Amino acid sequence: MTDNPFSQPHEYWMRFALREAEKAYELDEVPIGCVIVKENAIVGRGYNQTVQLKDSTAHAEMIAITAASGTLDSRFLIGCTMYVTLEPCPMCAGALVNSRVETLVFGSYDPKAGACGTLYTITEDERLNHRIHTIGGILDSECGGILKEYFRKKR
(Lines give C-alpha, C1' and ligand atoms only; values in the text may rest on other atoms or scores of the structure.)
Protein backbone atom coordinates (compact mmCIF):
# COMPACT_ATOMS: atom_id res chain seq x y z
CA MET A 1 0.00 0.00 0.00
CA THR A 2 1.46 3.32 -0.98
CA ASP A 3 0.12 5.16 2.08
CA ASN A 4 1.96 2.81 4.44
CA PRO A 5 5.54 3.75 5.42
CA PHE A 6 6.03 0.34 7.07
CA SER A 7 6.94 -2.97 5.50
CA GLN A 8 3.71 -4.57 6.76
CA PRO A 9 0.28 -3.69 5.36
CA HIS A 10 -2.21 -1.75 7.45
CA GLU A 11 -4.25 -4.91 8.03
CA TYR A 12 -1.24 -6.51 9.75
CA TRP A 13 -1.02 -3.77 12.39
CA MET A 14 -4.81 -3.51 12.76
CA ARG A 15 -4.86 -7.14 13.90
CA PHE A 16 -2.73 -6.10 16.89
CA ALA A 17 -5.30 -3.39 17.68
CA LEU A 18 -8.02 -6.06 17.47
CA ARG A 19 -6.14 -8.13 20.05
CA GLU A 20 -6.24 -5.13 22.36
CA ALA A 21 -10.00 -4.80 21.73
CA GLU A 22 -10.41 -8.44 22.76
CA LYS A 23 -8.78 -7.61 26.11
CA ALA A 24 -11.39 -4.91 26.68
CA TYR A 25 -14.17 -7.31 25.67
CA GLU A 26 -12.99 -9.87 28.25
CA LEU A 27 -13.16 -7.16 30.94
CA ASP A 28 -16.69 -6.15 29.88
CA GLU A 29 -15.42 -2.83 28.52
CA VAL A 30 -16.49 -1.45 25.14
CA PRO A 31 -14.09 -3.42 22.92
CA ILE A 32 -11.88 -0.83 21.28
CA GLY A 33 -8.17 -1.46 20.89
CA CYS A 34 -5.23 0.57 19.70
CA VAL A 35 -1.55 0.26 18.87
CA ILE A 36 0.96 2.92 17.89
CA VAL A 37 3.72 1.94 15.49
CA LYS A 38 7.05 3.60 14.75
CA GLU A 39 9.77 2.20 12.53
CA ASN A 40 8.02 -1.15 12.18
CA ALA A 41 7.62 -1.70 15.94
CA ILE A 42 4.76 -1.22 18.37
CA VAL A 43 5.71 1.57 20.80
CA GLY A 44 2.36 1.91 22.57
CA ARG A 45 -0.83 -0.06 23.01
CA GLY A 46 -4.10 0.35 24.82
CA TYR A 47 -7.69 -0.76 25.14
CA ASN A 48 -10.74 0.87 26.66
CA GLN A 49 -10.61 0.89 30.46
CA THR A 50 -13.18 3.50 31.40
CA VAL A 51 -15.08 1.13 33.70
CA GLN A 52 -12.04 -0.57 35.24
CA LEU A 53 -10.27 2.73 35.97
CA LYS A 54 -13.47 4.71 36.67
CA ASP A 55 -12.13 7.31 34.26
CA SER A 56 -14.13 8.61 31.30
CA THR A 57 -10.89 9.59 29.55
CA ALA A 58 -9.43 6.05 29.65
CA HIS A 59 -10.08 5.40 25.96
CA ALA A 60 -7.83 3.01 24.06
CA GLU A 61 -6.22 5.87 22.14
CA MET A 62 -5.43 7.91 25.25
CA ILE A 63 -3.82 4.94 26.97
CA ALA A 64 -1.79 4.10 23.85
CA ILE A 65 -0.61 7.72 23.48
CA THR A 66 0.58 7.73 27.09
CA ALA A 67 2.38 4.41 26.60
CA ALA A 68 4.04 5.52 23.34
CA SER A 69 5.12 8.83 24.87
CA GLY A 70 6.74 6.89 27.70
CA THR A 71 8.46 4.46 25.33
CA LEU A 72 9.78 7.26 23.12
CA ASP A 73 10.42 9.64 26.04
CA SER A 74 8.65 12.39 24.12
CA ARG A 75 5.33 14.20 24.22
CA PHE A 76 5.38 14.28 20.42
CA LEU A 77 4.82 11.08 18.47
CA ILE A 78 6.46 12.26 15.26
CA GLY A 79 6.80 9.51 12.68
CA CYS A 80 4.19 7.33 14.41
CA THR A 81 1.07 5.69 13.04
CA MET A 82 -1.90 4.90 15.25
CA TYR A 83 -4.07 1.87 14.48
CA VAL A 84 -7.40 1.88 16.30
CA THR A 85 -10.43 -0.34 15.79
CA LEU A 86 -13.02 2.49 15.89
CA GLU A 87 -12.88 6.03 14.51
CA PRO A 88 -11.68 8.28 17.35
CA CYS A 89 -14.03 10.58 19.24
CA PRO A 90 -13.41 14.36 19.52
CA MET A 91 -11.36 13.96 22.72
CA CYS A 92 -9.07 11.35 21.21
CA ALA A 93 -8.80 13.14 17.86
CA GLY A 94 -7.70 16.27 19.71
CA ALA A 95 -5.12 14.28 21.67
CA LEU A 96 -3.81 12.83 18.38
CA VAL A 97 -3.36 16.32 16.95
CA ASN A 98 -1.65 17.53 20.13
CA SER A 99 0.71 14.54 20.19
CA ARG A 100 1.64 15.06 16.52
CA VAL A 101 0.85 11.53 15.34
CA GLU A 102 1.70 11.38 11.64
CA THR A 103 -0.89 8.88 10.39
CA LEU A 104 -4.16 7.54 11.79
CA VAL A 105 -5.58 4.26 10.54
CA PHE A 106 -8.93 3.16 11.95
CA GLY A 107 -11.25 0.22 11.43
CA SER A 108 -14.94 1.09 11.69
CA TYR A 109 -16.50 4.49 11.20
CA ASP A 110 -18.42 5.80 14.21
CA PRO A 111 -21.74 7.43 13.24
CA LYS A 112 -22.39 8.58 16.83
CA ALA A 113 -19.06 10.14 17.85
CA GLY A 114 -16.60 9.86 14.96
CA ALA A 115 -14.36 12.91 14.75
CA CYS A 116 -12.03 11.82 11.95
CA GLY A 117 -14.33 12.07 8.96
CA THR A 118 -17.85 11.17 10.10
CA LEU A 119 -19.23 13.95 12.33
CA TYR A 120 -16.09 16.09 12.42
CA THR A 121 -12.72 16.00 10.71
CA ILE A 122 -10.48 17.15 13.54
CA THR A 123 -7.41 15.23 12.36
CA GLU A 124 -7.34 17.04 9.01
CA ASP A 125 -8.68 20.45 10.06
CA GLU A 126 -6.47 23.13 8.49
CA ARG A 127 -7.28 25.56 11.31
CA LEU A 128 -5.32 23.43 13.78
CA ASN A 129 -1.53 23.44 14.20
CA HIS A 130 -1.08 19.84 12.97
CA ARG A 131 -2.86 17.62 10.51
CA ILE A 132 -2.86 13.82 10.44
CA HIS A 133 -3.07 11.69 7.34
CA THR A 134 -6.23 9.65 8.07
CA ILE A 135 -7.29 6.31 6.58
CA GLY A 136 -10.57 4.66 7.61
CA GLY A 137 -12.29 1.35 6.99
CA ILE A 138 -9.33 -1.02 7.47
CA LEU A 139 -10.69 -4.44 8.58
CA ASP A 140 -14.03 -2.69 9.04
CA SER A 141 -16.11 -5.88 9.32
CA GLU A 142 -13.82 -7.42 11.96
CA CYS A 143 -13.51 -4.21 13.96
CA GLY A 144 -17.25 -3.56 13.79
CA GLY A 145 -18.05 -7.22 14.46
CA ILE A 146 -16.55 -7.28 17.95
CA LEU A 147 -18.49 -4.11 18.83
CA LYS A 148 -21.76 -5.52 17.49
CA GLU A 149 -21.25 -8.75 19.44
CA TYR A 150 -20.50 -6.82 22.64
CA PHE A 151 -23.61 -4.66 22.38
CA ARG A 152 -25.77 -7.62 21.31
CA LYS A 153 -24.77 -9.40 24.53
CA LYS A 154 -25.49 -6.26 26.57
CA ARG A 155 -29.08 -6.09 25.33
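Before reading further, recall that the structure is shown in the block above.
Residues numbered from 1 in each chain as written. Predicted model: local features only at pLDDT ≥ 70, side-chain atom pairs only at ≥ 80, totals over all residues. Heavy atoms only, no water.

Draft legend 1. Structural view of helix α4 (residues 140-154). For α4, built from 15 residues, the straight-helix expectation of 21 Å at 1.5 Å per residue is met to within 8% by its first-to-last C-alpha distance of 21 Å. Listed as buried for α4 are Cys143, Gly144, Ile146, Leu147 and Tyr150. Buried residues of α4, viewed axially, fall in a sector of 155 degrees; they line one side. Facing away from the buried side of α4 by over 90 degrees, the exposed positions are Ser141, Lys148, Arg152 and Lys153. Turning to α4, the residues buried within the fold contact α1 (10-26), β3 (81-86) and β4 (103-108). (Helix = DSSP H or I, 4+ residues; strand = E, 2+ residues; numbered from the N terminus. Expected span 1.5 Å × (residues − 1). Buried < 20%, exposed > 50% of the residue type's maximum accessible area, 1.4 Å probe, protein only. Arc of directions from axis to C-beta. Contact = heavy atoms within 4.5 Å.)

Draft legend 2. Spotlight on the packing of α1 against α4. Two numbers describe how α1 lies on α4: the axes approach to 10 Å, and their chain directions differ by 10 degrees. Relative to α4, the element α1 lies roughly parallel. Touching Met14, Arg15, Leu18, Ala21, Glu22 and Tyr25 of α1 are Glu142, Cys143, Ile146, Glu149, Tyr150 and Lys153, all from α4. Per-class residue counts for the contact of α1 with α4 are seven nonpolar, no polar and five charged. (Axes fitted to C-alpha atoms, helices over the stretch in contact; angles between N-to-C directions. Parallel < 35°, antiparallel > 145°, perpendicular 65-115°, else oblique. Nonpolar A, V, L, I, M, F, W, Y, C, P; charged D, E, K, R; others polar.)

Draft legend 3. Fine view of the side chain of Thr103. Within the fold, Thr103 resides in strand β4. Not counting residues up to four positions away in its chain, the partners in contact with Thr103 are Cys80, Thr81, Met82, Ile132, His133 and Ile135.

Draft legend 4. Highlighting the nonpolar core. Of all hydrophobic cores here, the largest spans 25 residues; its most connected members are Ile36, Ile65, Leu77, Met82, Val84, Leu96 and Leu104. Elements with a contribution of two residues or more to this core: β1 (33-38), α2 (60-72), β3, α3 (90-99) and β4. The residues touching Leu77, leaving out its near neighbours within four places in the chain, are Ile36, Ile65, Ala68, Ser69, Leu72, Ser99, Arg100, Val101 and Glu102. Among the nonpolar cores identified, the runner-up in size contains 15 residues, and Trp13, Phe16, Ile138 and Ile146 belong to it. (Core = buried A, V, L, I, M, F, W, Y, C linked by side-chain atoms within 4.5 Å.)

Draft legend 5. Inspection of the packing of aromatic side chains at higher detail. Per the stated rule, a full pass over the model turns up six aromatic pairs. Relative to Tyr109, the ring of Phe106 lies with its centre 4.9 Å away and its plane at 85 degrees, an arrangement referred to as edge-to-face. Aromatic ring contacts, followed pair by pair, group Tyr12, Trp13 and Phe16 into a single cluster. The ring of Phe16 has Arg19 lying over it, and the distance from NZ or CZ to the ring centre is 4.6 Å. (Phe/Tyr/Trp six-rings, centres within 6.5 Å; stacked < 30°, edge-to-face > 60°. Lys NZ or Arg CZ within 6 Å of the ring centre and 35° of its normal.)

Draft legend 6. Spatial organisation of the sheet that holds β3. Spatial strand order, β2-β1-β3-β4-β5: five strands in an open sheet with mixed pairing. Of all strands in the sheet, those with a lone pairing partner are β2 (41-47) and β5 (133-135), marking the two edges. Neighbouring strand axes in the sheet, compared pairwise and without regard to direction, differ in orientation by 15 degrees on average. Its contacts with the sheet put α4 on β3 and β4, and the angle it makes with β4 is roughly 60 degrees. (Pairing = 2+ DSSP bridges.)

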